[in-house]
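Read off the chains here:
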Amino acid sequence: MAHAVLSASGSSRWLACTPSARLEEKEPEKTSSFAEEGTLAHSIGELMIRYNNNEFTKRTFNTRLNKFKKQELFTNDMLDYCSSYAEIVREKYLTAKKNTPDAQLIIEQKLDFSYFVPKGFGTGDALIIADNCIEVIDFKYGKGVEVSAVENSQMKLYGLGAIAEYDMLYDILEIRLTIVQPRLENISEFSMTVKGLRAWGDSIKPIAQKAFKGEGKFCVGLHCRFCKIKAKCKAYADEQMELAKYDFKQGPFLDDGDITNILNRVSDFKKWLKAVEDFALDQAVNHGHEYPGYKLVEDRSNRKYADQDKVLKALVEYGYEESILHKPKELLGITAMQKAIGKKTFEELLSELVIKPQGKPTLVPQSDKRPSWHSEDDAKKDFEGFIDKEINNLKKDVDPMDGYVLIGDLDDDLPF
Ligand code: SF4
């Protein structure tokens, strides 16, 4: 698959750090199971949308789907998520058709935004053109980070590509940018006028020119997360090493401010250290590079049976009962089970049978969406406090005539 140097998906990076794109270009293409999983999910999603759109028969659909099902990364779970995505596209298309009977649904469209970004292009997963408006829908199969469509540069570049493609044919005034991320139940939408989007395109033109030439200043930020050269980037290392230079206040102990400062950086710092370690190992193993004071050795490994069948045969022949030689049968874990039987079936059959024990406490920034942690003891105390409060209220407020009588041990006779 061809990649643009200034890709839409990498735009948050090259818009902020213009030298990054040309440096990343020199790195070897690496794929990951996550990327391959995403590609497979996109193919299945596309198949489902095309089938929903009556582009082929049920038989063709099943034949093609069965081929995807044979792929190693396929799971029933994936089928459910792709089906949610396809259903959302279908609903949006049907809604558009209600208002604009000749609305168009276009799948996997190459979007060329090179008028604004040198040699820039990408692929729109689904486009709906109706009544002065184009909606660009992007299917995200990842679940690591919830992605918002609001002011999202990747989506805006797709939008510019969509306008370039269809502006001559339709009178488009508005563009809607939608991200569907079914594994996080995230549907994020953002609308702009075509005029506003073009103005944004004009504003990034000089930045894109700089990025295409590999010029400009390095700039560290959240956009570094997926940068291919993060492990060897000096600007990123400088930023991380700032922690070491942190000017702690006088006195023998760190104060709360010092610890908060360190906590703020722990996550990125650990990831960076790991990235540098992985990079150095790759250089040493695959490129014979030597780092002063370090050498490659064989790591510890655990013993394992060379041939499980032969092991079993030897033990049974010796006289051991086969039943004591196997591990007890074990159910699949929740995630593996959900993958094996699909999310919908899992919900239907097992939702009542799944419990969620309290998680261990973990320190996160205040901005984290999760509610604050309470130990089970705290929860019990809160509940007891609530009960005491309610008893006092009852003592004060309950009318003896309204059917409730407080007798003996109050706790046993509460009307709830
Ligand atoms: S890691 Fe370095 S090159 Fe990559 S985006 Fe960050 S600052 Fe730029």
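Being a predicted model, the structure only gives us computed values, none of them experimental.

The rules behind these values
- Residues numbered from 1 in each chain as written.
- Predicted model: local features only at pLDDT ≥ 70, side-chain atom pairs only at ≥ 80, totals over all residues.
- Heavy atoms only, no water.
- Pairing = 2+ DSSP bridges.
- Helix = DSSP H or I, 4+ residues; strand = E, 2+ residues; numbered from the N terminus.
- Axes fitted to C-alpha atoms, helices over the stretch in contact; angles between N-to-C directions.
- Core = buried A, V, L, I, M, F, W, Y, C linked by side-chain atoms within 4.5 Å.
- Buried < 20%, exposed > 50% of the residue type's maximum accessible area, 1.4 Å probe, protein only.
- Contact = heavy atoms within 4.5 Å.
- Near = heavy atom within 4 Å.
- Domains from an automatic or database assignment.
- Parallel < 35°, antiparallel > 145°, perpendicular 65-115°, else oblique.
- Left-handed = near helix turned anticlockwise from the far one by under 90°.
- Nonpolar A, V, L, I, M, F, W, Y, C, P; charged D, E, K, R; others polar.
- Salt bridge = Lys/Arg side-chain N within 4 Å of Asp/Glu carboxyl O.
- Expected span 1.5 Å × (residues − 1).
- Polar contact = N/O pair within 3.5 Å; in protein donor to acceptor, adjacent residues only side chain to side chain.
- Patch = residues over 30% accessible without salt bridge, like charges linked within 9 Å, V, L, I, M, F, W, Y side chains within 5 Å.
- Areas by Shrake-Rupley, 256 points an atom, 1.4 Å probe, with all protein chains shown as cover.
- pLDDT = per-residue confidence, 0-100.

## Considering the sheet that holds strand S5 (residues 186–193)
Reading across the sheet, the five strands line up as S1-S2-S3-S4-S5 and stay open at both edges, with mixed pairing between neighbours. Among the strands making up the open sheet, the edge pair consists of strand S1 (104–112) and S5. When the angles between neighbouring strand axes are averaged without regard to direction, this sheet yields 25°. Bridge count between strand S2 (residues 121–130) and strand S3 (residues 133–139): five bridges; the pairing is antiparallel.

## A closer look at the nonpolar core
Ranked by internal contacts, the top residues of the largest apolar core, which has 34 residues, are Trp14, Val117, Ile134, Val136, Leu157 and Ile175. At the level of elements, helix H1 (11–16), S1, S2, S3, helix H6 (153–166), strand S4 (174–181), S5 and helix H7 (194–213) are the ones that each hand at least two residues to this core. Per-element tally for this core: the top contributor is H6, with seven residues. Contact partners of valine 117, with chain neighbours within four places excluded, come to Leu6, Trp14, Leu157, Ile204 and Ala208. The next biggest cluster of nonpolar side chains, apart from the first, holds 31 residues, and it includes Ala41, Leu47, Phe56 and Leu65.

## Considering the site of the ligand
All residues adjacent to the ligand are Arg13, Cys17, Ser20, Phe218, Cys219, Val220, His223, Cys224, Cys227, Ile229, Lys230 and Cys233. Of the domains in this structure, domain 1 (11–223) and domain 2 (225–282) are the two that each give at least three residues to the shell around the ligand.

## Some remarks on the packing of helix H3 (residues 33–52) against helix H5 (residues 76–99)
Remark: H3 packs on H5, axes separated minimally by 9 Å, with the N-to-C direction vectors making an angle of 45°. Of the possible angle classes, the one that applies to H3 and H5 is oblique. Crossing handedness for the pair H3 and H5: right-handed. Where H3 abuts H5, its residues Glu37, Leu40, Ala41, Ile44, Gly45, Met48, Ile49 and Asn52 lie against Met78, Leu79, Cys82, Ser83, Tyr85, Ala86, Val89 and Arg90. Here the residues of the contact of H3 with H5 are counted per class, giving eleven nonpolar, three polar and two charged.

## Here's the deal with the pattern of salt bridges
Under the definition given, this model contains 20 salt bridges. In this structure, the salt-bridge partner of aspartate 238 is lysine 234, at a minimum N-O distance of 4.0 Å. On the criterion of helical spacing, the pair formed by aspartate 238 and lysine 234 is a turn pair, its members being four residues apart in helix H8 (residues 234–241). Judged by its relative accessible area of 64%, lysine 234 is exposed. In this structure, arginine 370 engages aspartate 368 in a salt bridge whose closest nitrogen and oxygen atoms are separated by 2.9 Å.

## Here we look at H6
Note that an α-helix has 3.6 residues per turn; residues three or four places apart therefore point the same way. With 14 residues, H6 ought to run about 20 Å at 1.5 Å a step, and its terminal C-alpha atoms sit 20 Å apart, in line with that. Taken across its 14 residues, H6 has twelve buried, putting it largely inside the fold. Between the side-chain oxygen at the start of H6 and the backbone nitrogen of glutamine 154 there is a gap of 2.9 Å, and the oxygen is on asparagine 152.

## Some points on a nonpolar patch on the surface
A contiguous nonpolar patch, built from Phe248, Leu254, Ile259, Leu263, Val266 and Leu363 and spanning about 530 Å² of accessible area, is present on the exposed surface. Mapped onto the secondary structure, leucine 263 falls in helix H9 (residues 256–287). By relative accessible area, leucine 263 is classed as partly exposed at 42%.

## Some remarks on the confidence of the model for the protein
Per-residue pLDDT for the protein averages 88, and the proportion of residues at 70 or more is 90%. When the criterion is pLDDT under 50, residues 398–416 qualifies, and its contacts beyond four places in sequence or with other chains add up to 18 contacts.

## Notes on unusual backbone geometry
Peptide bonds are trans in most cases, and residues, glycine excluded, mostly fall at negative phi. For asparagine 54, which is not a glycine, the phi torsion comes out positive at approximately 60°. Take asparagine 54: it is sitting in the loop between H3 and helix H4 (58–69). For glutamate 151, which is not glycine, the phi dihedral falls at a positive 50°. One can find glutamate 151 in the loop between S3 and H6.

## Digging into the environment of glutamate 46
As for its position among the elements, glutamate 46 is in helix H3. A relative accessible area of 22% means that glutamate 46 is categorised as partly exposed. Taking the C-alpha atoms as reference, glutamate 46 lies 32 Å from arginine 22; in sequence the two are 24 residues apart. Residues contacting glutamate 46, with those up to four places away along its chain left out, are Ile107 and Glu108.

## Quick word on the packing of H6 against H7
Any two packed helices are characterised by how steeply their axes cross, that is the angle between the axes, and by the distance between the axes. Contact pair H6 / H7: the axes reach a minimum separation of 10 Å and the direction vectors enclose 110°. The pairing of H6 with H7 is recorded here as roughly perpendicular in orientation. The way H6 lies across H7 gives a crossing that is left-handed. Packed against H6, whose contacting residues are Ser153, Lys156, Leu157, Gly159, Leu160 and Ile163, the element H7 presents Val194, Leu197, Arg198, Trp200, Gly201 and Ile204 at the interface. In the contact of H6 with H7, the residues fall into seven nonpolar, three polar and two charged.

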